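Chains, contacts and geometry: an overview
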Amino acid sequence: MTIELERETAAELRAAAPVVHVPEIAAPLDRVRPWLWLVGWWALGRVVTIATAMAVKPSIWTLSLWDGKWYRMVARFGYLLVPSRQSDPAFFPLYPIVLRGANTIGIPYEFAGPLISNLALVGTLAVFYLLTRDLKGEDFARRATIYVAIFPFGYVFSMTYPESLVLGLIAGSALAARRGRWWVAGLLAAAAALARPEGLFVALPLLGIAWGRRRSLDPQARGAALGAILAPAAALLAYPAYLKNVIHDPHAWQQAQQGWGRHFHALGIVKAIEHLPNAIAYDHWLVRDVVAVVLYLALLAVAARAGLPRMWILAGVVVVILPPFSGAFDSISRFGLLVPAVFWGLAVLGRDKRVDWGIRVLSVGLLIGAVATLPYVFP
Amino acid sequence: MRNRPDTLGIVKGVAVTLAVGASTAVAFLGLGWAVQAAGLPAASHSSRVGANVAGLLLRSRLSASTLTIEGKTQSALCLHHWFLRADRRIGRGSLITFAGSGRWLDNGGPIRFEAGAQKPDFLPRLGFYLAGCTSDLGKRIAYAAQLNAITLRQATVGGKPALELRLGRVRDWVTRKKGLVDKVSIWVDPATYEPLAVWAKVGKHSGYARVHLVRATPALVHRLLVPVTRLVR
């Protein structure tokens, strides 16, 4: 009888206790906790980058150098082509639009670039992680994401450059496609192509995903998938259409590229290789980009051998191989940041714990060294 | 006969797929254009005129001028070409040949003057602007145009209508030295954008010039180039 009474009292007490409030407090923390490792590695990469940049030259300008000047110029004054000279139509429009938007809400242009790029990288890392987890599982995804956060050339992710945003858009587009959200996939792919020409090649992984699911899609969904695949090309065409409207020259991008000595040609890669010794003698920093090409191709081969989707590998090869067709190797180290499969190749190598930590330590060391070169050479 | 509905269904499915895909692509094309049109400003009229003038100058190689600095008037030709530098490398630059009073060469590094020629008591850049040197003027105008720092006015030169491009005062765009600023105005033909006159102030000194572009014939270029090696720092 006593026992029965005690049980009833305990039940009543439990019912009366304000236990419902505990989950309310704990839930948001529970949602954040699984992402803390990601935020931690993001913070490490950014602190290393920003601290080194400030140590080299104590000014935010260090992160707004080089192309940052051109993106700000487009955001402030719009596109202007000066024939026979380096001009701003060489720079795609989405990032300047975002800079202008930030300036509209009161953020000065000098700060807007580094602020947007650094913040965008958190989202990019999260989307990249989710996509990679879908493909290869938790451990692999964590390793790959960490490598993105501390990649030696990843100091660009903190600068007034669109790379951090574009990598996120590319990964987000593929993630949306894998989850059957083709309209979102198309929108993100179009945005990627409007921010960097490399964004065009997200069409290849999208094609791979759509092809793999072609039997399970009804005609309307298939049409949406086709639309998503065509979206980056459509957005890319919107750029010369806009240039035609504002500066009466749809070829302004190609003309501006020539101001930087870039001119796409079928034999451009032959010219680039032929002139390489002279180019390196004139500018020793070019060695960095040549090493990057070899490294990226090797990592893509590793990723391909590990069975990562072929369309991602193909897109990566195109992004790495295409720039030398313009007659120069310059900046390929930066262009490769937009190739998710490069980081997947690195994650394959990092399966062994010692190699993994070796890559992490080496990456942070090289990242510091790479940031220190910023005042002397463009990324 | 039994296959007919299936075939029709397949054709219909393909048609729906293509229609949805194509209309989506067109929608993204329109959206991409609209985002740019709504999100970016259009360059100002003065910047666009400046870009055209700069483009014309940068495509040209030779100019003739009658310049007046500190009350002294002289004629000059300015050639943009490849020259041997002091470090034995080849570098592009501007060579001014004054009528009867020597030559100046700027192709990277310190400006070189013909041996025996009197060095100016003003900053040489003033001379390169007023000699109508196409590269120097072209780059200066392009720089101002890209920074939206050009004021455009209707004017006349020698009784003929002209456009005056007043370039905003900026840091010396070559040396990037703080405090070293220049101020330049250039008058151009409103139809062809060919330069007609230049006024410039560099440092404390100012001057003006009547300028025009000249066709760089091989014979003329050859006459101006020989022998550039005599130029010294």
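Residues numbered from 1 in each chain as written. Chains lettered and ligands numbered in written order. Predicted model: local features only at pLDDT ≥ 70, side-chain atom pairs only at ≥ 80, totals over all residues. Heavy atoms only, no water.

**Section: the side chain of Ser326 of chain A**
Defined as follows: In DSSP terms, a helix is any run of H or I states spanning at least four residues, a strand is any run of E spanning at least two, and both are numbered starting from the N terminus. Under the rule applied, a polar contact is a pair of N or O atoms within 3.5 Å (in protein, one hydrogen donor and one hydrogen acceptor; residues adjacent in sequence only if both atoms are side-chain atoms).
Checked against the element boundaries, Ser326 of chain A lands in the loop between helix H16 (310-321) and helix H17 (332-335). Polar contacts involving the side chain of Ser326 of chain A include one to the side chain of Arg262 of chain A, which spans 2.8 Å.

**Concerning the pattern of salt bridges**
Residue and element names in this part refer to chain A. The cut-off we apply is this: Any Lys or Arg side-chain nitrogen found within 4 Å of a carboxyl oxygen on Asp or Glu counts as a salt bridge. Each residue is placed in one exposure class: buried if its accessible area under a 1.4 Å probe, protein chains only, is under 20% of its type's maximum, exposed if it is over 50%, and partly exposed if it falls in between.
Summed over the entire model, instances satisfying the criterion amount to 15 salt bridges over all chains. Taking the shortest distance from any N to any O, the salt bridge between Asp67 and Arg334 comes out at 3.4 Å. Taken as a pair, Asp67 in helix H4 (residues 67-77) and Arg334 in helix H17 lie far apart in primary sequence, 267 residues in all. Of the two residues, Asp67 and Arg334, neither departs from the other in class, the shared state being buried. The partner of Glu163 in a salt bridge is Arg334, with the nearest N and O atoms 3.1 Å apart. Highlighted residues: Glu163 in helix H8 (residues 163-178) and Arg334 in helix H17, separated in sequence by 171 residues.

**Here's the deal with the interface of chain A and chain B**
By a widespread convention, an interface's size corresponds to the accessible area lost as its parts come together. The condition that has to hold: Contacts are assigned to residue pairs that have any heavy atoms within 4.5 Å of one another. Computed with a 1.4 Å rolling probe, the buried area is the accessible surface lost when two parts are put together, summed over both parts. Classification convention: Asp, Glu, Lys, Arg as charged; Ala, Val, Leu, Ile, Met, Phe, Trp, Tyr, Cys, Pro as nonpolar; all other residues, Gly among them, as polar.
Each partner contributes residues to the interface: chain A has 44 residues there, and chain B has 35 residues. Between chain A and chain B, a total of about 3300 Å² is buried, with carbon and sulfur atoms accounting for 72% of that surface. The interface formed by chain A and chain B contains 4 residue pairs in polar contact (both at pLDDT 80 or more). If you list the elements that add at least two residues to the side of chain A that touches chain B, you get H4, helix H5 (94-104), helix H9 (182-195) and helix H11 (219-247) of chain A. Split by residue class, the side of chain A that touches chain B holds 30 nonpolar, 10 polar and 4 charged.

**Some details on a nonpolar patch on the surface**
Here is the rule: The residues that make up patches have over 30% relative accessible area and no salt bridge, and they are joined within 9 Å when like-charged or within 5 Å when they are Val, Leu, Ile, Met, Phe, Trp or Tyr. Note that accessible areas follow from Shrake-Rupley with a 1.4 Å probe, and for residues the cover is restricted to the protein chains shown.
A cluster of nonpolar side chains, namely Leu187 of chain A together with Leu31 and Val35 of chain B, defines an oily patch on the protein surface of about 220 Å² accessible area. Structurally, Leu31 of chain B can be placed in helix H1 (residues 4-39). A relative accessible area of 38% places Leu31 of chain B in the partly exposed class.

**Observations regarding H4 of chain A**
Judged by how many residues are buried, H4 of chain A sits mostly within the fold: 9 of 11 residues are covered. Looking only at H4 of chain A, the buried set comprises Asp67, Gly68, Trp70, Tyr71, Arg72, Met73, Val74, Ala75 and Phe77 of chain A. On its buried face, H4 of chain A is in contact with H5, helix H6 (109-136) and H17 of chain A together with helix H4 (134-146) of chain B. Backbone geometry just downstream of H4 of chain A places Gly78 of chain A in the positive-phi region, at approximately 85°.

**Some details on the packing of aromatic side chains**
All names here are of chain A. Spelled out, the test is: Ring pairs shown here join Phe, Tyr and Trp side chains whose ring centres sit within 6.5 Å, with only the six-membered ring taken for Trp; geometry is labelled stacked below 30 degrees between planes, edge-to-face above 60, and tilted in between. In this scheme, the term charge over a ring applies when either NZ of a lysine or CZ of an arginine sits within 6 Å of the ring centre and within 35 degrees of the ring normal.
In total, this model carries 24 aromatic pairs over all chains according to the counting rule given. With centroids separated by 5.9 Å and ring planes inclined at 10°, the aromatic side chains of Trp70 and Phe91 adopt a geometry described as stacked. Of the two residues, Trp70 is situated in helix H4 and Phe91 in the loop between H4 and H5; the sequence distance between them amounts to 21 residues. As far as the burial class goes, Trp70 and Phe91 line up, both buried. Pairing Phe92 with Trp253 gives two aromatic rings, centres 5.8 Å apart and planes at 80°, and the pair type is edge-to-face. Separated by 161 residues along the polypeptide, Phe92 in the loop between H4 and H5 and Trp253 in helix H12 (residues 252-259) bring together distant segments of the chain. Each member of the pair, Phe92 together with Trp253, is buried. We note Arg214 situated over the ring of Trp211; from NZ or CZ to the ring centre the distance is 4.0 Å. Residue placement shows Arg360 over the ring face of Trp357; its charged tip is 4.4 Å from the ring centre.

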